[in-house]
Amino acid sequence: MVAIPSFWDERKLLVFLALIIVASVVMLIEIDAARRGSQSLADQFAGTVVGPIQGALMVTGRAIANEAYVTTHARVIAEQDAALAAKARALAAADERLKAHGVENRELLRMLAVRAAVPGRTIEADVVGYAPEAARRELEIDRGSSQGIALNDVVLNGDGLIGHVVDVGPSSAHVLLIVDPTSAVPAYLQHTHAWGIVTGTWLHARMKYIGQDVHLTFGDVVVTGLGEIYPAGIPIGTVSQIDRKDNALYQVAVLQPAVNFEALDRVLVLVSR
Amino acid sequence: MSSLDPARADERLRIGPSAPRRRARVDAEISVPPRFGVLAVLALCAGIVQSTVLSGVEFRGAHISLLIVLVVWTGLRCGVVTGGWLGLLAGLIADALGGNGVNVLGFTLAGFGTGLLASRFFWDSFPVFIAAVAGATALSALLSWATLAIAFGERGAFVRDSHTAVWAMIVNCALAAIALALVRFGRSRGMIRT
């Protein structure tokens, strides 16, 4: 007969056996549920009852942890914040530069298309200034006679006609805009091929000497007609107003210029020689 | 005047043996171990806190185990029966919160085993408590690996996680030392009666 040591008295042995049996059963139930990919009763209880408490604790814990982090790392966060702000400013500046480059790129593409479309040689020039007073609507470009620019050379950009050169220096030239009242450009309506003369009104342009029998419509495109200075087919603008009087010999059309004269920075000069 | 005189009955009654004085109520309460219900609620709270707030706290891959410390303390303080059953409950909680059955046997044996030490050692001894926590952590890890290998066919857990288990023992021992120091401090100030 084997004597059970006093350390393992009967009660402890019974408890031990009961615990082993219950723990094994619980373990097998849990393992079985895990193998089947389902949840045991204890898992379901935990998910139903304890789950919301866990969720609330997690949210609270995260909030406290965040606050603690902010409190303990205030200086570092401030430095990071300043660095990020500087980076954001640099990125914004880079973004602006990229946008400007994009605009410039589109403008250059349009000018390339114009260069391919118009006859003869062209010279690219930058606009370096406008006439300081409102006596004339002129602009100054950074190319002159040394680059081959001559008097009466036609100036345009990707949108349409700008004007023509009215005086030339060695390294600069002045361009009279088509919106200047002294400018006169032979032109015709692209739709009807009715001829007229385009002169400036400071802000817009007017097409004069359009016959009374010509049917004008808003939005008609006006292009240059072949003349002494201008080649044919360069867009000037579109009809925005029509002035027709029964007792007059001709009609007048107010044009919205194709070019925005307030935002010119690069132009093409059609070299005549 | 005879001693049988009814007028002197009060004097005669005082002659008899005096009743034993009742012990002070406060002394009686000190020796009362915590109820199992309280321990069960503590275990549930420990499991929830461990799975939420402390889930992000780790040292070299080792997580703090409030449940093991509580089970070991209960075993040392209350003996094999309470320790064993609380170990079973703690293991069940750990498995219900995401253990897939690998914890329950280890926790149960840890609670029972530390309960066996209760009759030989003082429960508030630092070396005994910390050694018991280290042993319980190791036992729990070993049985977890065995269960993983047998039930789920996951070989190599020992090689992979033994390093983490050693750190878990150290972390749990540190937690046990802090907890016991707090309990001692609370008892000295009369805030805890265990």
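Throughout, a residue's number is its position along its own chain's written sequence, starting from 1. Whichever chain is written first becomes A and whichever ligand is written first becomes 1, with later ones labelled in order. pLDDT decides what is reported in this predicted model: residues at 70 or higher carry local features, side-chain atom pairs at 80 or more are listed and counted, and totals for whole chains, interfaces and linings draw on all residues regardless. Only hydrogens and water are set aside; all other atoms, that is, all heavy atoms of the structure, feed into the side-chain values.

## Looking at the overall build of chain B
Stage number 1. Helix and strand assignments come from DSSP, with helices taken as H or I runs of at least 4 residues and strands as E runs of at least 2, each series counted from the N terminus. Helices and strands together make up the secondary structure of chain B, namely eight helices and two strands.
Stage number 2. Secondary structure elements of chain B occur, N-terminal to C-terminal, as α-α-α-β-β-α-α-α-α-α.
Stage number 3. Accessible area is worked out with a 1.4 Å probe on protein chains only. A residue is then buried under 20% of its type maximum, exposed over 50%, and partly exposed in between. Out of the 194 residues in chain B, the part that is buried amounts to 42%.
Stage number 4. Whether two residues are in contact is decided by their heavy atoms: any pair within 4.5 Å suffices. Taking as baseline every contact in chain B between residues at least 6 positions apart, the subset at least 24 positions apart corresponds to 69%.
Stage number 5. Where accessible areas are quoted, they stem from the Shrake-Rupley method and a 1.4 Å probe; at the residue level, only the protein chains shown are allowed to cover. A total accessible area of about 10,500 Å² is found for chain B, and carbon and sulfur atoms account for 65% of it.

## Comments concerning the overall build of chain A
Stage number 1. On a plain count of helices and strands, chain A comes out with three helices and 12 strands.
Stage number 2. Residue burial in chain A is summarised as follows: out of 273 residues, 34% are buried.
Stage number 3. Summarising the internal contacts of chain A: among those between residues at least 6 apart in sequence, 55% fall at separations of at least 24.

## Brief notes about the interface of chain A and chain B
Stage number 1. Taken together, the contact pairs 26 residues of chain A with 29 residues of chain B.
Stage number 2. As used here, buried area is the combined drop in accessible area, with a 1.4 Å probe, of two parts when they are placed together. Between chain A and chain B, the buried area comes to about 2,500 Å², and carbon and sulfur atoms account for 82% of it.
Stage number 3. Think of a salt bridge as a Lys or Arg side-chain nitrogen and an Asp or Glu carboxyl oxygen that are within 4 Å of each other. Between chain A and chain B we count zero salt bridges in total.
Stage number 4. In protein, a polar contact requires one atom able to donate a hydrogen and another able to accept it; more generally it is a pair of N or O atoms within 3.5 Å, and residues adjacent in sequence count only if both atoms are side-chain atoms. Our count for the chain A to chain B interface comes out at one residue pair in polar contact (both at pLDDT 80 or more).

## What about the sheet that holds strand S9 (residues 221–224) of chain A?
Stage number 1. Two strands are said to pair when DSSP picks up at least two bridges between them. One closed barrel accounts for six strands, arranged S6-S7-S8-S11-S10-S9 (chain A); its pairing is antiparallel. Sheet twist, expressed as the average angle between the axes of neighbouring strands with direction ignored, equals 40 degrees. Fitted lines through C-alpha atoms give the axes, limited to the stretch in contact for helices. The angle between two N-to-C directions lies from 0 to 180 degrees.

## Description of the packing of aromatic side chains
Residue and element names in this part refer to chain B.
Stage number 1. Only Phe, Tyr and Trp rings are paired, with Trp represented by its six-membered ring, and only when their centres lie within 6.5 Å; those with planes under 30 degrees apart are stacked, over 60 edge-to-face, the remainder tilted. Counting across every chain of the model gives four aromatic pairs over all chains.
Stage number 2. Judged by centre distance (5.1 Å) and plane angle (75 degrees), the rings of Phe-59 and Trp-167 are edge-to-face. Of this pair, Phe-59 sits in strand S1 (residues 58–59) while Trp-167 sits in helix H8 (residues 157–188), and the two are 108 residues apart along the sequence.

## Some words on helix H3 (residues 74–117) of chain A
Stage number 1. Compared with an ideal rise of 1.5 Å per residue, which puts 44 residues at 64 Å, H3 of chain A spans 63 Å between its outermost C-alpha atoms and is within 8% of the ideal.
Stage number 2. The inward-facing, buried residues of H3 of chain A contact strand S1 (121–130), strand S3 (154–156) and strand S12 (266–271) of chain A. Each residue after the first adds 1.5 Å to the expected span of a helix.

## Description of the packing of helix H1 (residues 10–36) of chain A against helix H5 (residues 80–96) of chain B
Stage number 1. Remark: H1 of chain A packs on H5 of chain B, axes separated minimally by 10 Å, with the N-to-C direction vectors making an angle of 5 degrees. As judged from the angle between their axes, H1 of chain A and H5 of chain B are roughly parallel. Of H5 of chain B, the residues touching H1 of chain A (which contributes Arg-11, Lys-12, Val-15, Ala-18, Leu-19, Val-22, Ala-23, Val-26 and Glu-30 of chain A) are Val-80, Val-81, Gly-84, Trp-85, Leu-88, Leu-92, Asp-95 and Ala-96 of chain B.
Stage number 2. In this classification, Asp, Glu, Lys and Arg are treated as charged, Ala, Val, Leu, Ile, Met, Phe, Trp, Tyr, Cys and Pro as nonpolar, and every other residue, Gly included, as polar. Its residues assigned to classes, the contact of H1 of chain A with H5 of chain B comprises 12 nonpolar, one polar and four charged. In what follows, roughly perpendicular refers to angles from 65 to 115 degrees, roughly parallel to angles under 35, roughly antiparallel to angles over 145, and oblique to any angle outside these ranges.

## As for the sheet that holds S12 of chain A
Residues and elements named next belong to chain A.
Stage number 1. Taken in spatial order, the six strands close into a barrel running S1-S2-S5-S4-S3-S12, and their pairing is antiparallel. Each strand of the sheet is rotated relative to its neighbour by a mean of 40 degrees, with strand direction disregarded.
Stage number 2. Relative to strand S5 (residues 173–177), strand S4 (residues 161–168) runs antiparallel, the two being bridged by five bridges. Residue Val-165 lies in a different strand from S5, and its bridge partner there is Val-175.
Stage number 3. Seen against the sheet, H3 touches S1, S3 and S12 and runs at an angle of roughly 15 degrees to S12.

## What to know about the environment of Ala-94 of chain B
Residue and element names in this part refer to chain B.
Stage number 1. For Ala-94, the position within the fold is in helix H5.
Stage number 2. Assessed through its relative accessible area of 17%, Ala-94 is described here as buried.
Stage number 3. Residues Ala-94 and Ala-46 lie 48 residues apart in sequence; the distance between their C-alpha atoms is 9.7 Å.
Stage number 4. Those residues in contact with Ala-94, other than ones at most four positions away along the chain, are Leu-67, Gly-99 and Asn-103.

## Re the layout of surface pockets
Residue and element names in this part refer to chain B.
Stage number 1. Any residue with an atom within 4 Å of a point lines the site, the site being either a cavity, points on a 1 Å grid over the protein atoms alone where a 1.4 Å probe fits but cannot get out, or a pocket, an open set with protein on both sides within 12 Å along at least 5 of 7 lines. Grid points are joined across faces, edges and corners, and a volume is the space filled by probe spheres set on the points. When its volume is computed, the largest pocket comes out at roughly 890 Å³.
Stage number 2. Lining the largest pocket are 32 residues, and of these Gln-50, His-63, Ser-65, Asn-103 and Ser-144 sit closest to its centre.
Stage number 3. For the lining of the largest pocket, the secondary-structure elements that each account for two or more residues are helix H3 (36–51), strand S2 (62–63), helix H4 (66–78), H5, helix H7 (126–152) and H8.
Stage number 4. Here the residues of the lining of the largest pocket sort into 14 nonpolar, 16 polar and two charged.
Stage number 5. Within this model, the second largest pocket holds a volume of roughly 390 Å³.
Stage number 6. Around the second largest pocket, the lining comprises 16 residues; the ones closest to its centre are Leu-42, Leu-66, Val-69, Leu-70 and Ala-179.
Stage number 7. Taken together, the residues that form the lining of the second largest pocket break down as 15 nonpolar, one polar and no charged.

## Section: the pattern of salt bridges
All names here are of chain A.
Stage number 1. Applying the stated rule across the entire model yields 11 salt bridges over all chains.
Stage number 2. Of the charged contacts, one joins Glu-79 and Arg-75 as a salt bridge, the two residues approaching to 3.9 Å between their closest N and O atoms. On the criterion of helical spacing, the pair formed by Glu-79 and Arg-75 is a turn pair, its members being four residues apart in helix H3.
Stage number 3. With a relative accessible area of 67%, Arg-75 lands in the exposed category.

## Topic: the confidence of the model for chain B
Residue and element names in this part refer to chain B.
Stage number 1. Taken over all residues, the pLDDT of chain B has a mean of 81, while the share at 70 or more is 82%.
Stage number 2. pLDDT runs from 0 to 100 and stands for how confident the predictor is about each residue. Taking the mean pLDDT of every element in chain B, the minimum, 48, falls on helix H2 (residues 25–30) and the maximum, 91, on H4.
Stage number 3. For this predicted complex, the interface score ipTM comes out at 0.70, alongside a pTM of 0.53.

## Considering the packing of H4 of chain B against helix H6 (residues 104–117) of chain B
When two helices pack together, their arrangement is given by the angle between the helix axes and the distance between those axes.
Residues and elements named next belong to chain B.
Stage number 1. Packing of H4 against H6 brings their axes to within 7 Å, and their N-to-C directions diverge by 35 degrees. Judged by the sense of rotation from one axis to the other, the crossing of H4 with H6 is right-handed. Here Leu-67, Ile-68, Val-71, Val-72, Gly-75 and Leu-76 of H4 come into contact with H6, specifically with Phe-107, Ala-110, Gly-111, Thr-114, Gly-115 and Leu-117.
Stage number 2. Class assignment of the residues belonging to the contact of H4 with H6 gives a composition of eight nonpolar, four polar and no charged. Less than a right angle of anticlockwise turn of the near helix away from the far helix marks a crossing as left-handed, whereas a clockwise turn marks it as right-handed.

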